[in-house]
Structures are given as structure tokens and as C-alpha cells.
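Coordinate inspection notes
Single-letter residue listing:
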Amino acid sequence: MCFCAAGGQDTISTLTDVKLLKQQLQPGVVQEHKHFLNYGHLDFELGTDAPDVLYPTILQLARRFSGMA
């Protein structure tokens, strides 16, 4: 199970890099993919709005695949 996220302002892991990675994964591995237009590389961990826009999706997937849904 994988949650794939990409940032439009990420100069370290570009959208092209994320697309290449997704192509190499087996079907069904990526459960959800979101693109955050204004996010840079560290915004996924340090962004002030990450708890509101990113973490709920991660927690929802973790609950679904742990049987806690």
C-alpha cells in the first residue's frame, strides 16, 4: 500500500521523478496520488497546513489497511 504525493515546487523529487517511480511499482501498490501545487520537498513534513491537507489521507489509508476502518 502506498500513498503517493508530489509537490509542484519540489526541485529535489520532481513530478517527472514521481511518475517514473509510479510506473515501476506493481499495479495496486499506489492507493492514492495527490499533487500539491505549492508544496516543496520539505513541505510534506514541515508545511504549516500539512496536518490539515495531508495527514488525514495518510491516517485514513493506515486505518483502512490495518483493519481499523
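Residues numbered from 1 in each chain as written. Predicted model: local features only at pLDDT ≥ 70, side-chain atom pairs only at ≥ 80, totals over all residues. Heavy atoms only, no water.

**Details of the overall build of the protein chain**
Just so we agree on the cut-off: Each helix is a run of H or I in the DSSP string that is no shorter than four residues. Each strand is a run of E no shorter than two, and both are numbered from the N terminus. The classification of residues rests on relative accessible area computed with a 1.4 Å probe and restricted to protein chains. Under 20% of the type maximum is buried, over 50% is exposed, and intermediate values are partly exposed. It only takes one pair of heavy atoms within 4.5 Å for two residues to be counted as in contact. Using the Shrake-Rupley algorithm and a 1.4 Å probe, accessible areas are obtained, with residue cover drawn only from the displayed protein chains. Charge counting treats Lys and Arg as positive and Asp and Glu as negative, with His and both chain ends excluded. We put the charge of a Lys on NZ, of an Arg on CZ, of an Asp on CG and of a Glu on CD.
Secondary structure summary: the protein chain contains 4 helices and 2 strands in total. On the principal axes, the C-alpha backbone points of the protein chain span a range of 35 × 30 × 15 Å. Buried positions account for 22% of the 69 residues belonging to the protein chain. For the protein chain, the proportion of contacts with a sequence separation of at least 24, taken over those separated by at least 6, is 68%. Carbon and sulfur atoms make up 56% of the accessible area of the protein chain, which amounts to about 4900 Å² in all. Both charge centroids of the protein chain, one from 5 positive and one from 7 negative side chains, sit 12 Å from each other.

**Description of the packing of aromatic side chains**
Which entries qualify depends on this criterion: Two rings belonging to Phe, Tyr or Trp (six-membered ring only in the last case) form a pair when the distance between their centres is within 6.5 Å. Interplanar angles under 30 degrees mark stacking, angles over 60 mark edge-to-face geometry, and anything in between is tilted.
Counting across every chain of the model gives 3 aromatic pairs. Relative to Phe44, the ring of Tyr39 has its centre 5.1 Å away and its plane inclined at 70°; by these criteria the two rings are edge-to-face. Classification of Tyr39 as buried rests on a relative accessible area of 6%. The exposure class assigned to Phe44 is buried, which follows from its relative accessible area of 14%. Aromatic ring contacts, followed pair by pair, group Phe36, Tyr39 and Phe44 into a single cluster.

Keep in mind these numbers describe shape, not what the thing actually does.
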